[in-house]
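So the chains spell out like this:
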Amino acid sequence: QVQLVESGGGLVQAGGSLRLSCAASQSINMINVMSWYRQAPGKQRELVANIFRGGTTNYADSVKGRFTISRDNAKNTVYLQMNNLKPEDTAVYSCAATVRLGAADYWGQGTQVTVSS
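Rules and cut-offs
Residues numbered from 1 in each chain as written. Predicted model: local features only at pLDDT ≥ 70, side-chain atom pairs only at ≥ 80, totals over all residues. Heavy atoms only, no water. Core = buried A, V, L, I, M, F, W, Y, C linked by side-chain atoms within 4.5 Å. Buried < 20%, exposed > 50% of the residue type's maximum accessible area, 1.4 Å probe, protein only. Helix = DSSP H or I, 4+ residues; strand = E, 2+ residues; numbered from the N terminus. Contact = heavy atoms within 4.5 Å. Polar contact = N/O pair within 3.5 Å; in protein donor to acceptor, adjacent residues only side chain to side chain. Disulfide = S-S within 2.5 Å. Pairing = 2+ DSSP bridges. Salt bridge = Lys/Arg side-chain N within 4 Å of Asp/Glu carboxyl O.

Residues Leu4, Met34, Trp36, Leu80, Met82 and Tyr93 are the most contacted members of the largest nonpolar core, which totals 30 residues. Of all the secondary structure elements, the ones that give two or more residues to this core are strand E3 (18-24), strand E4 (33-39), strand E5 (46-52), strand E7 (67-72), strand E8 (77-82), strand E9 (91-98) and strand E11 (111-116). Other than its neighbours up to four places away in sequence, Met34 contacts Leu4, Cys22, Ile28, Ala49, Asn50, Ile51, Ile69, Arg71, Val78, Cys95, Ala96 and Ala97.

Listed below in structure tokens is the structure:
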């Protein structure tokens, strides 16, 4: 069982930056995919970005060029650097771990990000 704890959310003005962290309770070296999802009120949860064990990354079109995902296996932590934030980025951001492939095996509780205009 892997526990994931997100931190770093908050209130920021449009154009500002935040860095989210996702700390795992155990080693993420053998976890194939670490992902960030978000869910805004009244909307479905969407994949924001993911990073594979080998370093390959993927981003939603809406965040390309603004967000950067990274993983530090030594610290068992995944980060999401969010720059040039927009009001439409407002959501609860959750971290997820996929041990091999397919659906996520573990989820964090989420952290609120609010971007004011």
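Here the narrative resumes.
Of note, the phi angle at Asn76 is positive, near 55 degrees, even though the residue is not glycine. Residue position: Asn76 is located in the loop between E7 and E8.

Let's shift gears to the side chain of Arg38. The residue Arg38 is located in strand E4 in this model. By relative accessible area, which is 6% here, Arg38 ends up buried. A polar contact is formed between the side chain of Arg38 and the side chain of Ser62, at a distance of 3.3 Å. A polar atom in the side chain of Arg38 sits 2.9 Å from the side chain of Tyr93. In contact with Arg38, other than residues within four places in its own chain, are Gln44, Arg45, Glu46, Val48, Ser62, Val63, Phe67, Glu88, Asp89, Ala91, Val92 and Tyr93.

Turning our eyes to something else, we now look at the state of the cysteines. Following the criterion strictly, the structure yields one disulfide and no others. A sulfur-sulfur distance of 2.1 Å marks the disulfide that ties Cys22 to Cys95. Between Cys22 and Cys95, the disulfide has an S-S torsion of -75 degrees and is therefore left-handed. With Cys22 in strand E3 and Cys95 in strand E9, the pair connects residues that are 73 residues apart, well separated along the chain. Taking the relative accessible area as the measure of exposure, Cys22 reaches 1% and is therefore buried. According to the relative accessible area criterion, Cys95 is buried, its value standing at 0%.

Below, the discussion takes up the pairing of strand E1 (residues 4-7). The alternating pattern of E1 places Leu4 and Glu6 on a buried face and Val5 and Ser7 on a face that is not buried. Bridge count between E1 and E3: four bridges; the pairing is antiparallel. Each bridged residue has a counterpart across the sheet, and for Leu4 the counterpart in E3 is Ala24.

Under the counting rule described, the total for this entry stands at four salt bridges. Between Arg38 and Glu46 there is a salt bridge whose closest N-O contact spans 2.6 Å. Here Asp89 makes a salt bridge to Arg66, at a shortest N to O gap of 2.8 Å. With Asp89 in the loop between E8 and E9 and Arg66 in the loop between strand E6 (57-59) and E7, this residue pair connects regions lying 23 residues apart in the sequence. On the basis of relative accessibility, which here comes to 0%, the residue Asp89 falls in the buried class. You can call Arg66 buried: its relative accessible area is 8%. Shared partners join several salt bridges into a network, and the residues in it are Arg38, Glu46, Arg66 and Asp89.

Read these as spatial facts, not as claims about activity.
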